[in-house]
Number of protein chains: 2
Amino acid sequence: MSQPVDDRLAIDTIRFLAVDMVEQAQSGHPGAPLGQAPLAHLLFTRQLRFDPADPAWPNRDRFVLSCGHASALIYALLHLSGYDLDLDELRNFRQLGSKTPGHPEFGHTDGVETTTGPLGQGLATAVGMAIAERYLASHFNRDGFDIFDHNTWVIASDGDLMEGVAAEASSMAGHLGLSKLKVFWDDNRISIEGSTDLAFTEDVLERYRSYGWATLEIDDVEDLDAVDAVLAQAAAETERPVLVRARTHIGFGSPKQDTAASHGSPLGADGVKATKEKLDWPLEPTFHVPDGARAAYAPSIENGKAAHVAWLDLVERYRDAHPELAATLDAWRTRGLPEGWDAELPTYAADHAKIATRKASGAALTALAGRLPQLLGGSADLAGSNNTFIKGRDAQAADTHGGGNFHFGVREHAMGAAMNGMALSGMLRPYGGTFLIFSDYMRPAMRLSALMGQPAIYVLTHDSIFLGEDGPTHQPISQLMGLRAMPGMTVLRPADGNETVAAWRVAIEKTDGPVSLVLTRQGLPILPLAPDEVTAGVRRGAYVVADADDPQLLLLATGSEVPLILDAHRALAREGIRSRVVSMPSWELFDAQDPEYRAQVLPDSVRHRLAVEAGCTFGWQKYTGLDGDVLGIDGFGASAPAADLAKHYGFTAENVVARAKALIGDKA
Amino acid sequence: MSQPVDDRLAIDTIRFLAVDMVEQAQSGHPGAPLGQAPLAHLLFTRQLRFDPADPAWPNRDRFVLSCGHASALIYALLHLSGYDLDLDELRNFRQLGSKTPGHPEFGHTDGVETTTGPLGQGLATAVGMAIAERYLASHFNRDGFDIFDHNTWVIASDGDLMEGVAAEASSMAGHLGLSKLKVFWDDNRISIEGSTDLAFTEDVLERYRSYGWATLEIDDVEDLDAVDAVLAQAAAETERPVLVRARTHIGFGSPKQDTAASHGSPLGADGVKATKEKLDWPLEPTFHVPDGARAAYAPSIENGKAAHVAWLDLVERYRDAHPELAATLDAWRTRGLPEGWDAELPTYAADHAKIATRKASGAALTALAGRLPQLLGGSADLAGSNNTFIKGRDAQAADTHGGGNFHFGVREHAMGAAMNGMALSGMLRPYGGTFLIFSDYMRPAMRLSALMGQPAIYVLTHDSIFLGEDGPTHQPISQLMGLRAMPGMTVLRPADGNETVAAWRVAIEKTDGPVSLVLTRQGLPILPLAPDEVTAGVRRGAYVVADADDPQLLLLATGSEVPLILDAHRALAREGIRSRVVSMPSWELFDAQDPEYRAQVLPDSVRHRLAVEAGCTFGWQKYTGLDGDVLGIDGFGASAPAADLAKHYGFTAENVVARAKALIGDKA
């Protein structure tokens, strides 16, 4: 071994890189980096196994800074750890185009494993990462070939632990016995409004024990030997996830130490000076990295590189010993699909009995799951209703790491976040089901799927008032439109069995962002088109289902309202009114088509446009304009049998015809 | 005393009313009512103090059925308890227009204290109810005059306790020491997907102890003496909220007892028969209510009536002893505002320095709070940023029941639900602050505010990319539009200090639904209009800020983009282009205006319409139509100083002018 490593020098380097970043930007959060630096430094240099030359190495340890506002900390760590993040990037902290945005963003900065900032999400996503690790291990590891064997380490703040999503995910982690998940709670006793005594006086460790976690404590992170010992203990735990209470001092060394004032604004020139003086750090140059600090990181960089090389060697030998598995591993890593992945997908003839799109979805999912073990998921305790359970598969459990069926419990939000964590493996394809109305419960996680471009598949059934008797509490009105409004989310609301199968095709083929499948509870007839036509139409987002020469009127709908406008179209035709029926399962896919196709489906000259959808009218004006009409529901629905609701809210062919005629009469 | 009460008869009456309701509707949830009936019956007859003749009696005990799917249970209880809910309503369970919808709805059925069904919300709302009780007690009670002194009782399911919102709220309740909150956990060990062992194996009681709750246990709810004793113990607790684990059997007595199959579908004719035979109940008539069952409810009805009369008498004496407080009590009960409530609201002259609307909001709130102690609230740990802290007021705490400042902690979802509970007092006016982006975290609670028509005020600051450096994780893109899409939510995004004050006026005056105030981080100039004009304009939702004769073009914006289009309007005028500037702070208020006013502001003939808003373009087409244009942001934003972002995303007068000219050129 070379020189003894100077940890204190490295820790202070991290601290002042963070301080200088925030000061340079005149924006950011110095408090947490100052407090967490000793812990983070020892974690990075003593435990974390990674190779900065290949940030996507599948068997690296994961590090999640759940308190994303401490971003300056992770940027300092990544810089010292040899990632592609030079001092100029640190100097450009929080500036346009830099790799050092205000909160860490996956895909934007090498070494950032997940986007954090919205509190609770990092920890909950890490639960999904730990699930992914053991699912992959179960699938790929063989005697002598531990292809997957890594830990997921998290630093979380008080704020993270106050969030419900973290509570749900932690309960889930305890239930599943995710022992490779190791979480540090930065117990600095300060939140933005002041002492945590103002709002957060629960016994956190007792709570985590109640979830089935192991708990450890570090009384003072300045005691590096103690930190080291607890890190080793945490790493050694093999039965339960670990929560370590780490007592830190927010704003350590600064005049604002142990106060909320150090949390979210620069220390100021005087504060920086005082802090540097107090910790015996040179005032100049800023962004100072002593050689000793770099040296402190050399061993872990070397060790990581060696581990990576050993792993590559292991995989080479695996290729010989288990060629098929190795080929699958290669395919999963590039999100490749095996030949024939879609061979068992069903098609539906036009005379097929009515089928709910949730059921058609279940059939499609089952057909896919048989060929795609990387497709795994479940429901937030509504599997039977969401049709997300795959017969013949095991359920994921504490002692069943390879189970592809997940019982997420009534924890929609943690389900969404865990799906993100699984997707971030770069290999798995998670899906999760609940009622469309409860997508609201997991919306912050869905937004992160979209922001990170992760291919999570949300299966959202019971998609309108036509769920019937459960009533307004369960009837989604604005949720569908809310998902369409979310950037990066591809929403599909299929109109029949074949559109549903096509929607699943789109979902599986899409690897750069999330998909929401919005599905009926009730049975729907099969559209009178060849399945191939339907598939092609769904891929383009919207297409003509029935037409007339020189249409006077466009009838637009999605999902369960497509058969309705088709009926209206026929009735109008009998009265000599020429209408076109357009099914618009995915607005995002349609908007991505070339202008020609779009104008072909929705000719600019036809301004009599009637949209019909059993949800809020708001949003449809994008296609109906100022001269169109929308038949929708702008209240909250009602509890009654679906047929009564259809009549009550005017979702009848008769009413669609009347509205269509009024539209033409008024404006023609 | 009269005859000994036949509790078992009453319990089975409840059970079979529920069974018959579900069977008649061929829809609903028989399992939970069958299991919970003994507990609910004893609670209603031994502990709950209410007067069915006045369901709004302010000092009644509250009962919240958090597991709203067990609605048949509460309808049976309310029927037997003498509420206005006759057997025909029970026969019409889940039918259009009945008072017995699929899930209990506040305002729809007397005796239903809050809308439940979305799991976790009932329990979290109950936390707000318990807060309201003690705040009102602190405000109104005087020696010898306990005007407010009641309990909030909750029955919650496993599903409720799995939800993050319940976790957040329970932590908050423990922190605040809400000892008048008494929660039963229906420990039936079954969730929809099967045994709770599949997903929920934490130690719930230990968890609640970690929050600072007292915990009690009922090993078998069929042991009525034990239930009675624990009810009394729970009622007697004066320091901590109480969680009672009550072991029940889902689907008790039915062939499906203790299985998930009894949860959510009718028992079926054979199942009903078997259950009635097993529990020795007559098969006919259905909806059978023996006299003995009615008799079992007579004492509690009488006791409740007597308590109500005594309370009315107390209030009469209070009127003499504390006339001013009594007058205030009367006013609060009708949501009346005192004269001069708005006297301290500021106005801003056009030459006033730039001011962020969040700051103007803070000033308005402070001006209002001085006159309106019923206005109470805080922030989810962002008070300094949301400007929600009222100087001079105490903070709500375990020993400070009258504190009007709330430290909700980083618990947005529980904050929203607690606000609902406070608003449901019918007297208090809660507000709660967070960043607009985090409205996603509490959206299910906001939806319930809207569904229940409760006047909760959401203070949502940092309302666009112009929050700057915090970046995409914190920059709301679709949240504003998502709130506009929510039925019953009034959204206001004011454009300057005066619009902000007017928005607060609207919020305070609106008593039948929630309001979202969407506010900037950054400073904005004051619009060149008289404050009165602005107030009148805001009340109408949209109004003309600057105009031209016979405008060629409408420029539409809200909030921080109004000054921008005003600049563009001036620049266009210099080029001889005639544009109108419309500020549209509230789409809901504007849409509620008569067609004449709307056409006056947005003349149908002017189709060149350019909307500018620093959020998603989706939604604006409602006003811009097919021939307009929208300058917005359809990605996720970026981390950078606000001025750089303005330039990057084209939020400059120059670019608005260019887009306006292109619009006219293309289409004129």
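For the structure itself, look to the data block above.
Residues numbered from 1 in each chain as written. Chains lettered and ligands numbered in written order. Predicted model: local features only at pLDDT ≥ 70, side-chain atom pairs only at ≥ 80, totals over all residues. Heavy atoms only, no water.

A.B. asks: Would you explain the overall build of chain A in this entry?
C.D. replies: Of regular secondary structure, chain A possesses 25 helices and 20 strands. Taking 668 residues into account, the globule formula puts the C-alpha radius of gyration at 26 Å, and chain A, at 28 Å, falls close to it. Along the first, second and third principal axes, the C-alpha set of chain A runs to 90 × 60 × 45 Å. Considering chain A as a whole, with its 668 residues, one finds that 67% of them fall into the buried category. Considering only intrachain contacts with a sequence separation of at least 6, the fraction spanning at least 24 residues in chain A is 77%. Accessible area for chain A stands at about 20,500 Å²; split by element, carbon and sulfur atoms hold 48% of it. (Helix = DSSP H or I, 4+ residues; strand = E, 2+ residues; numbered from the N terminus. Rg over C-alpha atoms; globule rule 2.2 N^0.38 Å. Buried < 20%, exposed > 50% of the residue type's maximum accessible area, 1.4 Å probe, protein only. Contact = heavy atoms within 4.5 Å. Areas by Shrake-Rupley, 256 points an atom, 1.4 Å probe, with all protein chains shown as cover.)

A.B. asks: Could you clarify how one ought to interpret the packing of aromatic side chains in this entry?
C.D. replies: For any pair of aromatic rings, the description rests on two quantities: the centre-to-centre distance and the angle between the ring planes. Throughout the structure, instances matching the rule amount to 44 aromatic pairs over all chains. Aromatic pair Phe44 of chain B and Phe50 of chain B: ring centres 6.0 Å apart, planes at 55°, arrangement tilted. The two residues Phe44 of chain B and Phe50 of chain B agree in class, both being buried. A ring pair is formed by Trp587 of chain B and Trp620 of chain B, whose centres lie 4.5 Å apart and whose planes are at 70°; its orientation type is edge-to-face. Of this pair, Trp587 of chain B sits in helix H21 (residues 587–591) while Trp620 of chain B sits in the loop between strand E19 (609–612) and helix H23 (621–624), placing them 33 residues apart in sequence. Assigned by exposure class, Trp587 of chain B and Trp620 of chain B land together as buried. An aromatic cluster is present here, built from Trp587, Phe590, Tyr597, Trp620 and Tyr623 of chain A together with Phe618 of chain B joined pairwise through their rings. When the ring centre of Trp587 of chain A is taken as origin, the NZ or CZ atom of Arg484 of chain A, which lies over that ring, is 3.8 Å away. (Phe/Tyr/Trp six-rings, centres within 6.5 Å; stacked < 30°, edge-to-face > 60°. Lys NZ or Arg CZ within 6 Å of the ring centre and 35° of its normal.)

A.B. asks: Would you explain the pairing of strand E17 (residues 553–557) of chain B in this entry?
C.D. replies: Walk down a regular strand and you will see the side chains alternate between the two sheet faces. Residues and elements named next belong to chain B. Counting buried positions along E17 yields five of five residues, so the element is predominantly enclosed. Judged by which residues are buried, E17 turns out to be covered on both faces: Leu553, Leu555 and Ala557 on one side and Leu554 and Leu556 on the other are all buried. Across five bridges, E17 lies against strand E18 (residues 579–583) in parallel orientation. When the sheet's bridge partners are listed, Ala557 is paired in E18 with Ser583. (Pairing = 2+ DSSP bridges.)

A.B. asks: Would you mind going over the side chain of Glu206 of chain B with me for this structure?
C.D. replies: Topologically, Glu206 of chain B is positioned in helix H8 (residues 204–210). Look at Glu206 of chain B: it is buried, it has no salt bridge, and the nearest opposite charge is Arg209 of chain A at 4.5 Å. (Lys, Arg positive; Asp, Glu negative; His and termini not counted. Salt bridge = Lys/Arg side-chain N within 4 Å of Asp/Glu carboxyl O.)

A.B. asks: I tried to follow the relation of the copies chain A and chain B on my own but got confused; where do I start?
C.D. replies: Note on the chain copies: they are related by a rotation about an axis and a translation along it. Relative to chain B, chain A is turned by 180° and slid 0.0 Å along the rotation axis, the superposed coordinates differing by an RMSD of 0.0 Å. Expressed as an axis order, the relation between the two copies is that of a two-fold axis. Taken as a fraction of all interface residues of chain A, those also at the interface in chain B reach 100%, which identifies the copy contact as same-surface. (Least-squares fit on C-alpha atoms with pLDDT ≥ 70 in both.)

A.B. asks: Would you explain the sheet that holds strand E3 (residues 181–187) of chain A in this entry?
C.D. replies: Backbone-to-backbone hydrogen bonds pair the strands of a sheet. The strands run either parallel or antiparallel. Residue and element names in this part refer to chain A. Strand order in the open sheet formed by five strands is E1-E2-E3-E7-E6, and the pairing between neighbours is parallel. Looking at the sheet topology across the chains shown, the edges are occupied by strand E1 (62–65) and strand E6 (214–218). Recorded for the sheet is a direction-independent mean angle of 20° between the axes of neighbouring strands. Running at roughly 170° to E6, helix H9 (residues 224–236) makes contact with strand E2 (152–157), E3, E6 and strand E7 (242–247) of the sheet. (Axes fitted to C-alpha atoms, helices over the stretch in contact; angles between N-to-C directions.)

A.B. asks: Quick question: what am I supposed to make of the pattern of salt bridges here?
C.D. replies: Side-chain pairing between opposite charges can occur once the charged atoms of the two side chains come close. Residues and elements named next belong to chain A. Applying the stated rule across the entire model yields 76 salt bridges over all chains. Two residues, Glu277 and Lys273, come together in a salt bridge whose shortest N-O distance is 3.3 Å. Separated by four residues within a single helix, Glu277 and Lys273 lie in helix H10 (residues 268–278), roughly one turn from each other. For Glu277, a relative accessible area of 46% puts it in the partly exposed group. Overall, the relative accessible area of 41% leaves Lys273 in the partly exposed class. Put simply, Arg371 and Glu344 hold a salt bridge, and the shortest N to O gap is 2.6 Å. Taken together, the positions of Arg371 in the loop between helix H13 (357–369) and strand E9 (375–379) and Glu344 in the loop between helix H12 (323–333) and strand E8 (355–356) put the pair 27 residues apart, joining distant regions of the chain.

A.B. asks: Would you explain unusual backbone geometry in this entry?
C.D. replies: Of all residues except glycine, most have a negative phi; of all peptide bonds, most are trans. Residue and element names in this part refer to chain A. With an omega dihedral of -10°, the bond running from Glu284 to Pro285 counts as a cis peptide bond. Structurally, the position occupied by Pro285 is in the loop between H10 and helix H11 (291–321). The backbone phi angle of Asp280 is positive, close to 60°, even though this residue is not glycine. Here Asp280 shows up in the loop between H10 and H11. Assessed through its relative accessible area of 67%, Asp280 is described here as exposed.

A.B. asks: Is there a simple way to think about the interface of chain A and chain B in this case?
C.D. replies: Many authors give the size of an interface as the accessible area that is lost as the parts come together. Every contact between the two is made by 99 residues of chain A and, on the other side, 99 residues of chain B. Together chain A and chain B conceal approximately 8,100 Å² of surface at their shared face, both sides included; 58% is due to carbon and sulfur atoms. At the boundary of chain A with chain B, the tally comes to six salt bridges. Notably, a salt bridge pairs Asp627 of chain A with Arg607 of chain B, separated by 2.7 Å at the nearest N-O pair. With six residues, the top contributor of residues to the side of chain A that touches chain B is helix H7 (residues 164–176) of chain A. (Buried area = accessible area lost by both parts, 1.4 Å probe.)

A.B. asks: Looking at this structure, how should I read the environment of Tyr543 of chain B?
C.D. replies: Residue and element names in this part refer to chain B. Relative to the assigned elements, Tyr543 resides in strand E16 (residues 543–546). Remark: the alpha-carbon pair of Tyr543 and Leu602, spanning 59 residues in sequence, is separated by 9.2 Å. Those residues within four positions of Tyr543 in sequence are excluded, and the remaining contacts are Glu499, Leu527, Leu529, Val534, Gly537, Val538, Val581, Val582, Ser583, Pro585, Tyr597 and Val601.

A.B. asks: Sorry if this is basic, but what is going on with the nonpolar core here?
C.D. replies: Within soluble globular proteins, side chains that are nonpolar generally end up buried alongside one another. Membership of the largest hydrophobic core comes to 172 residues, with the highest contact counts inside it found for Trp504 and Met584 of chain A together with Trp504 and Met584 of chain B. If we skip the residues at most four places from it in the chain, Trp504 of chain A touches Ser361, Ala364, Leu365, Leu368, Tyr431, Ile457, Val459 and Leu517 of chain A. Grouped together as the second largest cluster of nonpolar side chains are 171 residues, Ala173 of chain A together with Ala137, Phe145 and Tyr211 of chain B included. (Core = buried A, V, L, I, M, F, W, Y, C linked by side-chain atoms within 4.5 Å.)

A.B. asks: When you look at the packing of H11 of chain A against H12 of chain A in this model, what are you seeing that I'm missing?
C.D. replies: The description of two packed helices rests on the angle between their axes and on the distance between the axes. All names here are of chain A. Between H11 and H12, the least distance of the axes is 5 Å, while the angle of their chain directions is 130°. Classified by the angle between their axes, H11 and H12 sit oblique to one another. Packed against H11, whose contacting residues are Trp311, Val315, Tyr318, Arg319, Asp320 and Ala321, the element H12 presents Pro323, Leu325, Ala326, Leu329, Asp330 and Arg333 at the interface. Taken together, the residues of the contact of H11 with H12 sort by class into eight nonpolar, no polar and four charged. (Parallel < 35°, antiparallel > 145°, perpendicular 65-115°, else oblique. Nonpolar A, V, L, I, M, F, W, Y, C, P; charged D, E, K, R; others polar.)

A.B. asks: Help me understand helix H7 (residues 164–176) of chain B in this model?
C.D. replies: Each full turn of the α-helix corresponds to 3.6 residues, which orients residues three or four apart in the same direction. Taking 1.5 Å per residue as the helical rise, H7 of chain B with its 13 residues ought to reach 18 Å, and the 18 Å between its terminal C-alpha atoms agrees with that figure. Across the 13 residues of H7 of chain B, 13 count as buried, placing the element largely inside the fold. (Expected span 1.5 Å × (residues − 1).)

A.B. asks: I would appreciate a short explanation of the sheet that holds strand E6 (residues 214–218) of chain B in the present structure.
C.D. replies: Residue and element names in this part refer to chain B. Pairing is parallel in the open sheet, where five strands are placed in the order E1-E2-E3-E7-E6. Both outer strands of the open sheet, strand E1 (62–65) and E6, are each paired with one neighbouring strand and no more. The average undirected angle you get between the axes of adjacent strands in this sheet is 20°. Relative to strand E2 (residues 152–157), E1 runs parallel, the two sharing four bridges. Paired with Leu65 across the strands is Ile155, a residue of E2. Relative to the sheet, helix H2 (residues 31–47) contacts E1, E2, strand E3 (181–187), E6 and strand E7 (242–247), its axis offset from that of E2 by approximately 175°. Together, E1, E2 and E3 form the strand contacts of helix H5 (residues 121–140), whose direction differs from that of E2 by roughly 165°.

A.B. asks: So what exactly am I meant to see when it comes to the side chain of Ser254 of chain B here?
C.D. replies: Residues and elements named next belong to chain B. Along the chain, Ser254 falls in the loop between E7 and helix H10 (268–278). For Ser254, a relative accessible area of 7% gives the class buried. Contact partners of Ser254, with chain neighbours within four places excluded, come to Leu34, Leu267 and Thr275.

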